[in-house]
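# Reading the structure
These are the residues of each chain, in order.
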Amino acid sequence: CSSDLEAKSNLRKLLLASPYGSKTVLGVDPGIRTGCKLALISASGEYMASTVMHLQSAGERASAEKMLQEVMKQGNVRAVAVGNGTAGRETETFVREALKKGGFANVPVVMVSEAGASVYSASEVAREEFPELDVTVRGAISIARRLQDPLAELVKVDPKSIGVGQYQHDVSQSELKKSLDFVVDSCVNSVGVNLNTASSHLLSHISGISQSLAKTIVDHRVKKGLFESRQDLLK
């Protein structure tokens, strides 16, 4: 039906969006009362640090401006990813102005879809990756990684939670899940993965690799070091 086709088309576009690449990114999860959560992600996608930036009063905005400029300098940030949720546009404007004042006008500030980020933050996958971190910090991490590599990050989220179809709840949920899962597998197999950086969740979408085998591959990589050839997989 048209709803199913719309969902599959939108999902494919999100998954195959151009990655920013292996560069240090600062993820910003906008917030009004509780503040904006900031997460610094390394070029390899590893979590480095996090903090909170409050923007309600003039004094808070002045402090946030200085803190943001310091993070940019110390972290050698190459891009800032701002979630497009509530207060996203206002936060993006503040970040742009703060970077310009601090001499970082050349650093791109990009609005990133945070659809499904809250689902990921509370998921078992996120708890496995960052058991010691608050769900809001996990959300900022996901936003930053979505800019670095949309495909690698979005495969961790149930496709239906990304909000890819206007009428996706009006169709058979089992059939929709089957269709969207196929799109995810198709995209991953079309693009391929980096054996030495791919998560077990990403590897499990490669044809012929189950979730358990994907986890075994990652565990082997952690214990024995990076793979030097495809033949190493036989071990």
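For the structure, see preceding data.
Procedures and definitions
- Residues numbered from 1 in each chain as written.
- Predicted model: local features only at pLDDT ≥ 70, side-chain atom pairs only at ≥ 80, totals over all residues.
- Heavy atoms only, no water.
- Helix = DSSP H or I, 4+ residues; strand = E, 2+ residues; numbered from the N terminus.
- Expected span 1.5 Å × (residues − 1).
- Buried < 20%, exposed > 50% of the residue type's maximum accessible area, 1.4 Å probe, protein only.
- Core = buried A, V, L, I, M, F, W, Y, C linked by side-chain atoms within 4.5 Å.
- Axes fitted to C-alpha atoms, helices over the stretch in contact; angles between N-to-C directions.
- Left-handed = near helix turned anticlockwise from the far one by under 90°.
- Contact = heavy atoms within 4.5 Å.
- Nonpolar A, V, L, I, M, F, W, Y, C, P; charged D, E, K, R; others polar.

### A few points about helix α6 (residues 135-148)
With 14 residues, α6 should cover 20 Å at 1.5 Å per step; its first-to-last C-alpha distance of 20 Å lies within 8% of that length. In terms of residue burial, α6 counts as a mostly covered element, since 12 of its 14 residues are buried. When α6 is considered as a whole, its buried residues turn out to be Val 137, Arg 138, Gly 139, Ala 140, Ile 141, Ser 142, Ile 143, Ala 144, Arg 145, Arg 146, Leu 147 and Gln 148.

### Notes on the nonpolar core
Formed by 21 residues in total, the largest nonpolar core has its most connected members in Leu 26, Met 53, Leu 68, Val 80 and Leu 99. Grouped together as the second largest cluster of nonpolar side chains are 19 residues, Ala 198, Leu 203, Ile 209 and Ile 217 included.

### Some details on the packing of helix α2 (residues 58-75) against helix α3 (residues 88-101)
Put simply, α2 and α3 touch, their axes get as near as 9 Å, and they point 65 degrees apart. Note on packing geometry: the crossing formed by α2 with α3 is right-handed. Each of Arg 61, Ala 64, Glu 65, Leu 68, Gln 69 and Met 72 in α2 lies in contact with α3, whose residues at this interface are Phe 94, Val 95, Ala 98, Leu 99 and Lys 101. Its residues assigned to classes, the contact of α2 with α3 shows 7 nonpolar, 1 polar and 3 charged.

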